Every structure is written in C-alpha cells, then in structure tokens.
Amino acid sequence: MTRRRVVVTGMGMLTPIGNNVTDSWHAALAGQSGVAMNEYFEVEDYGVKICAGVKNFDVSEYINPKEARRMDVFVQMGLAAGQQAIADAGLEENPDDPHRYGVSIGSGIGGIFTIEDTHSTLLNRGPRKVSPFFVPSSVINMISGNLSIKYGYTGPNLAVVTACTTGTHNIGLGARLIQYGEADVMVVGGSEFATSPICVSTFHSMKALSTRNDAPELASRPWDDERDGFVLGDGAGVVVLEEYERAKARGANIYGELLGFGMSADAFHITGPSENGEGGAASMQNALNDAGLNPEDIGYINAHGTSTPLGDVSETKGIKSVFGTGCPPVSSTKSMIGHLLGAAGAVEAIFTIKALHEQILPPTINLHNPSPECDLDYVPNEARETNITAAASNSFGFGGTNGTLVFGKA
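Conventions we followed
- Residues numbered from 1 in each chain as written.
- Predicted model: local features only at pLDDT ≥ 70, side-chain atom pairs only at ≥ 80, totals over all residues.
- Heavy atoms only, no water.
- Buried < 20%, exposed > 50% of the residue type's maximum accessible area, 1.4 Å probe, protein only.
- Helix = DSSP H or I, 4+ residues; strand = E, 2+ residues; numbered from the N terminus.
- Arc of directions from axis to C-beta.
- Contact = heavy atoms within 4.5 Å.
- Pairing = 2+ DSSP bridges.
- Expected span 1.5 Å × (residues − 1).
- Axes fitted to C-alpha atoms, helices over the stretch in contact; angles between N-to-C directions.
- Phe/Tyr/Trp six-rings, centres within 6.5 Å; stacked < 30°, edge-to-face > 60°.
- Lys NZ or Arg CZ within 6 Å of the ring centre and 35° of its normal.
- Parallel < 35°, antiparallel > 145°, perpendicular 65-115°, else oblique.
- Nonpolar A, V, L, I, M, F, W, Y, C, P; charged D, E, K, R; others polar.
- Salt bridge = Lys/Arg side-chain N within 4 Å of Asp/Glu carboxyl O.
- Left-handed = near helix turned anticlockwise from the far one by under 90°.

Novice: Got a minute to help me understand helix α8 (residues 197–205) in this structure?
Specialist: Because each turn of an α-helix spans 3.6 residues, side chains separated by three or four positions end up pointing in the same direction. Those residues of α8 that sit buried are C199, V200 and F203. Looking down the long axis of α8, one finds its buried residues gathered within 100 degrees of arc, a one-sided arrangement. Buried residues belonging to α8 abut α4 (112–125). Directly after α8, the chain includes K207, whose backbone phi takes a positive value near 60 degrees.

Printed below as a string of structure tokens:
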C-alpha cells in the first residue's frame, strides 16, 4: 500500500521557560535559562539543589481542581499540553469518526512524586490511609486515557515508555499508525514531573547531574569544556499529527510534515552511550532513509545534547559519522530547559518544527569554551536566521534506546 503523508497541525507545551508554545519559543530564541533552585522540597542535605521546573502552572485552567487532585502532576501537565495542541489544531470534542482519532502520550518515569508520597503515607499512617486513586493517578498511560475520555477519541490509545526517548518514539510510532491507515489523527508526545527527592538522589549518585548550585542559570552547558552533567527538568510537549489530505481538506494550519522516523539500540551499556556514537548514528541514518533524504538535505539538528561529558562527545561523533564534513548547524535547547526526560523528545520536536516554520535556529547557551572533541557549529549563545527545508531532532535514552525525527517545511 502507498504510505500516507503525515503533517503537524497542532502543538502544545509546558516548559521551564514558558507555559505554552509561543512563550517557550520566544524565551528560547532569547536564550533564557529556566534553571533555578529546586523549590519542590527541602534541598539542604542534597548535593544537587537546582532543577528546571515549570513555573506558575495553574492546573485549574485545564482541569477541574477536584479531578486534578486525583492526578499526579505529570498527568496534569500532559493533559494541559494536549488540550493546547488540540485547540491549536482546531479539532472538536466527540468527532463524527472518533475511531479515527488516537492518543499516544508517554512518560519516562511517571508519577514518582505520588509514589513517594503514597509510600510515606503507608509507612506513617498505615494501609487504610492509602488513596484508592494511587494507581490511576500515577501510571503512565493515564494521560492518553484521560485525554481520550475528555474528547471521545476511540482510536488507538497507548503510551510508549522508552526513558529519555519516550516523546520521540510516541511521535514517530503515532505517525506510523497514520501512514499505514490505522488512524487519521494522532495526539502524541510526552510529559514528565520527576524532580523528586528520589530522582534527584539517584541521578546524583550516578554522577549524572550538574552540581553548579551557585549559578543555576549556567549549569546546563552542552559541549562546553566546563560541563559537569545535566539539569533535571519538568515539562510536557504534545503535537497533533494528521493525515495530509484530511488536514488540507479541512483547511488546517500545517506547521510542517513528518518526513522520517528512525530507531536503533546501542546494545552497549544500561546508562552510558556507545563511545563513538554508533547507535545514535544508526538512528539518524534510519530516519534519513525513511524520509528518502540525503544528509545534505538536513539544514539543522536539534540535538539530544544533555551537557554530560560522555554523551555530548558521543552524539558529536555520531553526527559526524552520518553527515561527514557537511554537518549542519546543531543546537541543544536543553541548555535552557534542562533535561525533561520522557518529555524531552516531544518538546524538542516542537522547537525543531518552530525552527523550520519560522526559519530561525534556537541557540545553545552557556557555550563559551567547547571541548576539543566537540567541534561542530552548535549555534552558540545567539539565535540565528536560516533558510532550510528539513531538520532533525535526536533523542537517546537509558538502555541504549535511540530515536530521530525528520521534519520538512510546510
């Protein structure tokens, strides 16, 4: 069968630098950092005292407060981003063909705050005080479930979970459901609220996090020689994918086309990247093959770019192995928003689509002294006007899972 075309007709997001797409995008172009002291819990005894949290999120704008209290914040944020995206796409509740509408929104960790709080309740107050809403408030597929209930979408309903590649895989696999006829519209992405005591402690124990507590805004610095780890962040990103002819027929605003999707595994280490970036390179090449493009067709890469000593070098080597001497500009928006784990790929996909749509590249901030092995054009410190027709977004996760999306200009 002929593979159907897939376009982006709606976008929604919550990030450490804005509670919608417009605000987040403008802040990114301005090089604004969303990293600050962690105010979610008392951090005096913690080695890492900073995070990139979502600011001033008012859940009552999206969800009845009574219902919201029965949801972990990662669910609340995913639903908010989903509602933004659906409204942006101009889609209606309870459509005439609900079985053609699906949802696939995941999370890397899920309701860790709720899990921690419930465990404390169990130990301190006993089993009778454990909420009956514990499971439905914290399991990862509840963003997809709640969103489908709200809008009456009875098509595919799932939540792909692949660590820090979650958002990217939900978008790519959602697109394939449309390409091969199992849905006409997919609401896809990722959400994460994991700046919790356990997560901060465990990432610090594995020496993955930046400890630049005295200057939070400078802590996330991909490819810089003084980088010392990533900054844990929260947020959500959701896009509406739609079959092209359907979107065109209803006069939808088309932001871009999803041209290619690639996946791979490092098969190397549970947390560390393959040394020469072979896994990431395979993912990028698979996405190019799926899109039917050559390396020189890509004008920009939104990198995974976490600000870890090993990861940044591995990704740079992977990009160079695919693109050779003609590597396009590469930037890491994580320099501003930190690492949103399961939401990262979806948020960064939106930044990539915006770069294509508006023909301007977001910068990598805090890049003043690149490491010797990090020698690409990383769009340092200032946004840059461009003229491109295709761009890629990379996501790599624990367990060696990789994903790459390729978007084309509308």
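Alright, that's what it looks like, and here's the rest.
Novice: Can you walk me through the environment of N381 in this structure?
Specialist: If you trace the backbone, N381 turns up in the loop between β11 (360–361) and β12 (384–385). Assessed through its relative accessible area of 28%, N381 is described here as partly exposed. Discounting residues that sit within four places of it in the chain, N381 has contacts with P363, T364, I365, N366, L367 and H368.

Novice: I keep staring at the pairing of strand β1 (residues 6–14) and nothing clicks. Help me out?
Specialist: Remark: a regular strand shows side chains that alternate across the two faces of the sheet. Counting buried positions along β1 yields nine of nine residues, so the element is predominantly enclosed. Looking at chain direction, β1 and strand β7 (residues 235–243) are connected through eight bridges and run antiparallel. Paired with V7 across the strands is E242, a residue of β7. By the bridge criterion, two bridges tie β1 to strand β8 (residues 256–265) in an arrangement that is antiparallel. Across the sheet, the residue bridging to V7 is E257, located in β8.

Novice: Would you mind showing me how to read helix α11 (residues 309–323) here?
Specialist: Helix length check: α11 (15 residues) gives 22 Å between terminal C-alpha atoms against 21 Å at 1.5 Å per residue, within 8%. For α11, every residue scored as buried is listed here: G311, D312, V313, S314, E315, T316, G318, I319, V322 and F323. Phi for G324, located one or two positions after α11, is positive at around 60 degrees.

Novice: Just to check I follow, could you spell out the sheet that holds strand β4 (residues 101–106) for this structure?
Specialist: By way of backbone hydrogen bonds, the strands of a sheet pair with one another, either parallel or antiparallel. On the basis of which strands lie adjacent, the open sheet formed by ten strands has the order β5-β4-β6-β7-β1-β8-β14-β13-β9-β10 and mixed pairing. The open sheet has two edge strands, β5 (157–158) and β10 (330–331), and neither has a second partner. Across the sheet, helix α3 (residues 73–89) touches β1, β6 (185–192) and β7, and the angle it forms with β1 is around 135 degrees. Its contacts with the sheet put helix α13 (residues 344–358) on β1, β6, β7, β9 (301–302), β13 (390–397) and β14 (401–409), and the angle it makes with β13 is roughly 170 degrees.

Novice: I'm lost on the packing of aromatic side chains in this one. Help?
Specialist: The relation between two aromatic rings is expressed through the spacing of the ring centres and the mutual angle of the planes. This model, assessed by the stated rule, comprises eleven aromatic pairs. Ring plane angle 75 degrees and centroid distance 5.4 Å describe the contact between F203 and F230, whose orientation is recorded as edge-to-face. A residue pair is termed long-range when its members are at least 10 positions apart, and F203 in helix α8 and F230 in the loop between α8 and β7 qualify at 27 residues. One aromatic cluster in this structure is built from Y40, F113 and F193. R5 extends its terminal NZ or CZ atom over the ring of Y244, reaching a point 4.1 Å from the ring centre. The lysine or arginine in question, K150, covers the ring of Y151, its NZ or CZ lying 5.5 Å from the ring centre.

Novice: Can you walk me through the packing of helix α7 (residues 166–179) against α13 in this structure?
Specialist: The packing of two helices is summarised by the inter-axis angle and the distance between the axes. Interaxial distance between α7 and α13 falls to 5 Å at its minimum, and their mutual angle equals 65 degrees. Considering the angle they form, α7 stands roughly perpendicular to α13. Within the contact between the two elements, α7 uses G167, T168 and I171 and α13 uses G345, A346 and A349. Of the residues in the contact of α7 with α13, the class split is three nonpolar, three polar and no charged.

Novice: What's the story with the environment of L405 in this structure? I'm lost.
Specialist: Among the structural elements, L405 can be located in strand β14. Along the chain, L405 and S393 lie twelve residues apart, while their C-alpha atoms are 5.2 Å from each other. When neighbours within four sequence positions are excluded, L405 is seen to be in contact with T168, I171, G172, L258, G260, F261, A349, A391, A392 and S393.

Novice: Teacher, can you tell me more about the pattern of salt bridges here?
Specialist: Pairing between side chains of opposite charge can happen when their charged atoms approach one another. Taken as a whole, this structure holds 16 salt bridges when the rule is applied. Residue R100 is joined to D184 by a salt bridge in which the shortest nitrogen-to-oxygen separation is 3.0 Å. On the criterion of sequence distance, the pair formed by R100 in the loop between α3 and β4 and D184 in the loop between α7 and β6 is long-range, its members being 84 residues apart. The exposure classification of R100 matches that of D184, with both residues buried. Of the charged contacts, one joins K320 and D375 as a salt bridge, the two residues approaching to 2.9 Å between their closest N and O atoms. Linking K320 in helix α11 with D375 in the loop between β11 and β12, this pair joins segments that are 55 residues apart in sequence.

Novice: Quick question: what am I supposed to make of the pairing of β7 here?
Specialist: Most of β7 sits out of view: nine of its nine residues are buried. Residues G235, G237, V239, L241 and E243 of β7 are buried on one face, and the alternating residues A236, V238, V240 and E242, pointing to the opposite face, are buried as well. Bridging between β6 and β7 involves eight bridges; their strand directions are antiparallel. When the bridges of β7 are listed, E192 appears paired with G235.

Novice: Is there a simple way to explain the packing of α3 against helix α6 (residues 142–151) in this structure?
Specialist: Contact geometry for α3 and α6: axes closest at 9 Å, N-to-C directions at 45 degrees. In terms of axis orientation, α3 runs oblique to α6. In this structure, α3 crosses over α6, and the sense of that crossing is right-handed. Packed against α3, whose contacting residues are F74, V75, G78, L79, G82, Q83 and I86, the element α6 presents M142, I143, N146, L147, K150 and Y151 at the interface.

Novice: Explain unusual backbone geometry here, please?
Specialist: Comment: phi is negative for the bulk of residues other than glycine, and the bulk of peptide bonds are trans. Residue K207 is not a glycine yet carries a positive backbone phi of 60 degrees. Mapped onto the fold, K207 is located in the loop between α8 and β7. Residue K207 is classed as exposed on the basis of its relative accessible area of 71%. Backbone geometry at W223 places phi at a positive 70 degrees, although glycine is not the residue there. Examined against the element boundaries, W223 turns out to sit in the loop between α8 and β7. The exposure class assigned to W223 is buried, which follows from its relative accessible area of 0%.

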